[in-house]
Each structure stands twice: as structure tokens, then as C-alpha cells.
Amino acid sequence: MSQSCELSKVYKYYVIYEAIMVNLVGFVSLFFQCELQRAEANYVASHPNTNEKELDLMFLHFWLKGDYNCSTRSAHCLSYMICGWLFIAGTLQIFINFDGLRRKLFPSDTDLPRSIKIICMYSFFICDWYWVVLMYFYRDVIGYQQIVGSMLDILLRVPFAINNNLMFKKSARLPSETLLNSV
């Protein structure tokens, strides 16, 4: 039986969720973190009784506690570096997993094999666990939203890491395979 390299509906939705909520929101919120923190400080000056968790959501403060992202020039630079990695990760995630989208930009391209998509998923899975180690050792610095969001994303990926066949549509037998198996 030929194995499909087309994503299953559930994995397709997961990749879209991750590309938007982790890569896009992560990129935007971190790239503009210092500007958002200044806007938050201005807002707090005129709304001093606003709950801190509400402020974090309003001003996309999802990364480090306090103003650590912007406290020094080197921290700001490192934040921009992470933004670059988020952009690269999101771009790879989308263009590796969505053959049709990639072919719109590269019409002569072909579908990528399952193995490339599986390697992509496991690379992100390894990165997830690297992130868990960082969150453990730097829990005094990393914001709670980052920890909660990361744990959710990791838990959503676990079934695919355990059984990567869940990533793909079930393949129907090709007519030639049906004929060969009946002989």
C-alpha cells in the first residue's frame, strides 16, 4: 500500500495553530516587546488598577517576566535573534508541510516525502524539550504565559511524536496494488 504524504486533517490544523499562535504571535510579540512594554507603562499610568494578567494579554507580554527583554541592549539583541528563529521555524513549518502552498511559489516543485515532514515534526519535538529544560532552569525569569502556552503546544504534539502515522491521511490502495494482492 502506498503511503500518503498528505497531512491528516488534525495534523494540518495543528500545524496551522502552531504557525499562527507560536511562530507568528511569538514573532510579533517579541519583535515589538519593548514598544509594547512602553505602551503598557503609559496605559498603567492612567489605569493603575488594571490586573497584571489582563495587561499581559493586552500588550502581548508573553516572554520574560518584567522588562527583562528590554532591560539591556544585549537582551534586546537576543530578543531580535529569537524573532529570527521564530520566523525561520514558521516558514519551514508551513513550506515543508503544505505542498500546495509551496507549489504556488515554486510551480515545478513536487510533494515532499513523508520522511521530510516527520523529521520536521521531530525537530520541533526536540526543540520543545530543549525549551522545557530552559523553562525549568530559568523559571524565575520566564513568564507564566510562556510556560503554559509551551506546555499546551508540547502536549498537542505528543500524539504525533508517539505515532507519526497520525500526521498523514490514510492511503487507499492503488488499483495496481489491489490487483497484485488478489493474484
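Residues numbered from 1 in each chain as written. Predicted model: local features only at pLDDT ≥ 70, side-chain atom pairs only at ≥ 80, totals over all residues. Heavy atoms only, no water.

Attention shifts here to the packing of helix H4 (residues 73-97) against helix H6 (residues 114-137). Direction vectors running N to C along H4 and H6 enclose 155 degrees, while the axes themselves pass 10 Å from each other. One finds that H4 runs roughly antiparallel with respect to H6. Viewed along their axes, H4 and H6 form a crossing whose handedness is left-handed. Each of Ala-89, Gln-93, Ile-96 and Asn-97 in H4 lies in contact with H6, whose residues at this interface are Ile-116, Lys-117, Cys-120 and Phe-124. Classifying every residue of the contact of H4 with H6 by side-chain character gives five nonpolar, two polar and one charged. (Axes fitted to C-alpha atoms, helices over the stretch in contact; angles between N-to-C directions. Helix = DSSP H or I, 4+ residues; strand = E, 2+ residues; numbered from the N terminus. Parallel < 35°, antiparallel > 145°, perpendicular 65-115°, else oblique. Left-handed = near helix turned anticlockwise from the far one by under 90°. Contact = heavy atoms within 4.5 Å. Nonpolar A, V, L, I, M, F, W, Y, C, P; charged D, E, K, R; others polar.)

Right, let's talk about the pattern of salt bridges for a bit. Following the criterion strictly, the structure yields nine salt bridges and no others. Its salt-bridge partner being Arg-102, residue Asp-99 comes within 2.8 Å of it at the nearest N-O pair. A residue pair is termed a helical-turn pair when its members lie 3 or 4 positions apart in one helix, as Asp-99 and Arg-102 do in helix H5 (residues 99-105) at three residues. One exposure class covers both Asp-99 and Arg-102, and it is buried. The partner of Asp-111 in a salt bridge is Arg-103, with the nearest N and O atoms 2.2 Å apart. Asp-111 gets classed as partly exposed once you look at its relative accessible area, which sits at 40%. Taken together, the shared-partner salt bridges in this structure form one network comprising Glu-18, Asp-128, Asp-153 and Arg-157. (Salt bridge = Lys/Arg side-chain N within 4 Å of Asp/Glu carboxyl O. Buried < 20%, exposed > 50% of the residue type's maximum accessible area, 1.4 Å probe, protein only.)

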